[in-house]
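Coordinates in review
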Amino acid sequence: MWKRLLETTKQAASLVSKPVVPTAAVAAAAPKPATPAAANPATSAASSSASKGDTAVADPKLCTLKRRSSSRRAAVTPATAVSQASLLRLKQAAASKKTTLPSSLPQAAYAIDEDDPPEALTKALMSVLDGPDDVEEATPSGAPMEDSEDDEEIATSNRILDFEWFQSPPSRDPLMYWRREVAREKKKHYIFKNVESRRYTKLMQLCANKLGTESTIEFFGKLGRETGVKEFNSLIRLCLNKARACTDIDSAIEYIFRAHRLLETMRDKGLRIKQDIYGPFLLYLVDVGLLEEFEMFTAFFKDANPECFTRIAYYEMLLCIRIQDEEKIQELCHSVEDYNEEAHYDIAESYMLAFAESGRKEDLITLLDLLDLMKVSGSKYISNIFKSLGKLELENYAEKLLQEMRSKGCADGNISSLILDYVANIPNIMVEDMLVSFHKLHEKFEVAPSIAAHDKIISICCNSSKIGLALDVADHMCKSNSNVSIESFHPIIHACEQRGELHMARPMYDLIRQHNLKLKSETFRSMISLFVKMKDFEGAYNILTDAEESGEISTVSLYNAIMLGYYREKNHNGAQMVMSQMQIAGVKPDSETFSYLIVNCESEEDISKYHDQLRQDGIQMTRHIYMALINAYARLGNFDMAKQVLLDKEIPRKLLNEIKSTLVGALASNGQVLDALHMYDDIKQSGGSLEPRAAIALIEHSRTEGELDRMHQLLDELNDSSSWFEGCGRVILYCVQHNYPDAAIDLLKQLKEKDEMSTYMVVDQVFGQIWEMDVTNLDLGMVLLHTVKELGLNVSRTSLDFLLSACVKLKDSQRAQQIWSEYESAGLSHNVLTSLRMYQALLSSGRQKAAKKLLKTISKEDDHVRYIIDASRMTYYSEDLKPPATIRFGSKNRASSKQIVTTNEGTEG
């Protein structure tokens, strides 16, 4: 912000003779803050003035707000060099892992016919050469599903008439091989069943929107497709959503009875109506208070599914609470006194959950006093009951139930989980206090905390950004249990990566090694990724060596992770060193390895070299390799070769659209926007769609005016919320740049409806762009400011700072006064930076008296403040007013100036 303030002063001084410097260039020239002192101008100025004494303060190097497109990286230490000792240890570990290869290849049971296509020969050879371990090694850990499916296709081609024509090498671990085969078969059935059912359900929803629910069922029935529970549930949910969207009850009832006809059809077909169907439906009727319809539907559900009788009692009690029928509530509450059967207690427990859900603490206590806690402790809803006791802070009743369960001989693991259910739901409890209560109750009832409970606590700590506390819990768990799995550490690893707590990787890995936990391949890779992001390549190599010494996992993905880290640091020598270590260790590069090598090539000769090498090694061409080829050629400026990648006849049809999208993104990112748009039109004409990353690249690099319709079309390509939000923000910036206020306002409204908190970031970017533009459109800024307030959003200090800086550029003190008052309306105080901007706005518009009055309220203790004040005077004072003869930076300079003035006055006298 200091930098932006200083830049505003300099821009105004050179507005005629010199073009405005874009913020991106300023941000690139600004030094990265390495220490807290450097990030705080006041602190650094004070320390420099104290140490330099008489030395004049240099031009302050001040920080500014960066745009979203610029990377915000925390200060990190330089990359650590890998010692020779670590490389030697890795070489020894890899040598001990190697196994001797067979002297001869197994012979085929039949000879390849000369008329067979080349693909048949290739598949046959691959079947001979590739065993199960090789197949796993050739597939990167992060590879998409299609790669594994292609592997299965090759494996399937090896089996004709249910016996193998080629004998695969036996697995080193028969149990591992059996597990892999079982998992493969399960995955094939699961993927087909779920994908097919999901597509069918989506198709039914689309038809229901056009034809109606009944016509849709009739239509699919004629096609011979039987409608099942999942499809009925989808149609009923569609009716329910449309009922919620209605503004009047009469229109909503129409959709309610459409759903009723669907439910009747389900009953007539003999399909079971479960809680996931009737639950949301009854909740909606409770919310809108439709009493008659509620009674009708509850009677229908009880008749269609008698087992739901006890659970429907929960919704009946919710309705009584909703309409405040206290007499009925007390009647139902006291009716439990005569309950003695299990079904009756299920009804009472439903009442308990309804009371807890509604926060009716007294009614819940009354109900608990009427019931036999021994029977309540055996409830199937016992977990929900303990959560409710925690929400209402009924510790005495929670302890009574725990005592009953302890006396019944309930398993320690179940009791431990219930204790966590109670303490984790206490309102406004800190994680540390939750842990204290958790251990206190375990000690009181002499129960050992279970691994499952510890795992949940670790997740709670990670979600609360308490990574250190999560490690303490994991350490305690490992000390008290001998059968802890490495999966317990996965939430911590994920939290370290997501929240930037990279420094916790070292103590975490030390803890894992201390307790001798057996790591899996994905755990090794995640840990290596954390070390690489810290630029601790020495530590990454040590973890790789540990993986090699374990001898039980494929390590190619671990080498790839280190190689990727070197390429991110633009360290090509380090990446080549990884390649050398792979050759020494006898680890074959896979498709992921070659994709990294190709996309980072510095010449077309290197691209051809690696392309030929992967062909010779028999590496299957994957989507990542095709994408790497396109991006590499496009980055080197050979766009014709990038386009020729699409001509490869070996590209699977299912990957063609994604690879075309990659080409669109590569062309747009490298200045070929028109070619990218033509390519996009071809994709649309062929019935395809653009991948989100390519659509965002087109939106970002389209600079020409008059492309608003195209921007909306590209925005429609973004289906997932995260990419849509990013694309929408960029379209709004385009609208601001080319003065489309109505479109910008409409998109801001859509953003606010979908994600209000994240909208603030886009709003700040919008006002930042208004300030950065060569021709500052302050009128648009004021319109958008009014819109932001109308949408109910709080105007941030950053947004107002940008607008006030724009007023300085335009020398508009009237608008500056309006924005000055907006700080007070938003509850923001006028800090030093705000006052300096307002001071500049008043000076630039010729209001010296008002500026002088405001100057008296500004603290001038900081050297940066004094520098900006003096620079503003020299820049904005009119010609008839002389600027100060001396720019006073330090205390001794001010004293020297004062002495000179006194001497001159004495001479004149």
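Below is a short write-up of the structure. Computed from a prediction, not measured in an experiment: that's the story for all the values here. (Residues numbered from 1 in each chain as written. Predicted model: local features only at pLDDT ≥ 70, side-chain atom pairs only at ≥ 80, totals over all residues. Heavy atoms only, no water.)

1. Considering unusual backbone geometry
With a phi close to 55°, Glu393 is a non-glycine residue in the positive phi region. Along the chain, Glu393 falls in the loop between helix H20 (382-391) and helix H21 (395-407). (Helix = DSSP H or I, 4+ residues; strand = E, 2+ residues; numbered from the N terminus.)

2. What about the nonpolar core?
Ranked by size, the top nonpolar core spans 246 residues in total, and within it Phe301, Phe489 and Ile492 carry the most contacts. Discounting residues that sit within four places of it in the chain, Ile492 has contacts with Ile458, Cys462, Ile467, Ala470, Leu471, Ala474 and Met508. (Core = buried A, V, L, I, M, F, W, Y, C linked by side-chain atoms within 4.5 Å. Buried < 20%, exposed > 50% of the residue type's maximum accessible area, 1.4 Å probe, protein only. Contact = heavy atoms within 4.5 Å.)

3. Comments concerning the packing of aromatic side chains
Throughout the structure, instances matching the rule amount to 9 aromatic pairs. In textbook terms, an aromatic cluster arises when at least three aromatic residues are bridged by ring pairs, as seen for Tyr278, Phe297, Phe300, Phe301, Tyr314 and Tyr315. The ring of Tyr314 has Arg311 lying over it, and the distance from NZ or CZ to the ring centre is 4.7 Å. One residue, Lys754, lies across the ring of Trp724, its end atom 3.7 Å from the ring centre. (Phe/Tyr/Trp six-rings, centres within 6.5 Å; stacked < 30°, edge-to-face > 60°. Lys NZ or Arg CZ within 6 Å of the ring centre and 35° of its normal.)

4. Thoughts on the packing of helix H42 (residues 756-772) against helix H44 (residues 797-810)
Across the interface, H42 lies against H44 with an axial gap of 8 Å and an inter-helix angle of 10°. Considered as vectors, H42 and H44 are oriented roughly parallel to each other. Listed contacts from H44 to Val763, Asp764, Phe767, Gly768, Trp771 and Glu772 of H42 are Thr798, Ser799, Phe802, Leu803, Ser805, Ala806 and Lys809. Taken together, the residues of the contact of H42 with H44 sort by class into 6 nonpolar, 4 polar and 3 charged. (Axes fitted to C-alpha atoms, helices over the stretch in contact; angles between N-to-C directions. Parallel < 35°, antiparallel > 145°, perpendicular 65-115°, else oblique. Nonpolar A, V, L, I, M, F, W, Y, C, P; charged D, E, K, R; others polar.)

5. What about the pattern of salt bridges?
Oppositely charged side chains can pair when the atoms bearing their charge come close. Considering all chains together, one arrives at 30 salt bridges under this definition. In this structure, Asp546 engages Arg513 in a salt bridge whose closest nitrogen and oxygen atoms are separated by 3.8 Å. Remark: Arg513 occurs in helix H27 (residues 505-514) and Asp546 occurs in helix H29 (residues 537-550); sequence separation between them is 33 residues. Note on Arg513: relative accessible area 49%, which makes it partly exposed. A salt bridge links Glu650 to Arg615; the shortest N-O distance between them is 3.0 Å. One end of the pair, Glu650, is in the loop between helix H35 (639-644) and helix H36 (653-669); the other, Arg615, is in helix H33 (residues 604-616), and 35 residues separate them in sequence. Judged by its relative accessible area of 37%, Arg615 is partly exposed. What emerges from the salt-bridge pattern is a single network uniting Arg267, Asp268 and Asp303. (Salt bridge = Lys/Arg side-chain N within 4 Å of Asp/Glu carboxyl O.)

6. Describing H42
The first and last C-alpha atoms of H42 sit 25 Å apart over 17 residues, in line with the 24 Å expected at 1.5 Å per residue. Taking burial as the measure, the 17 residues of H42 include 13 buried ones, the bulk of the element. (Expected span 1.5 Å × (residues − 1).)

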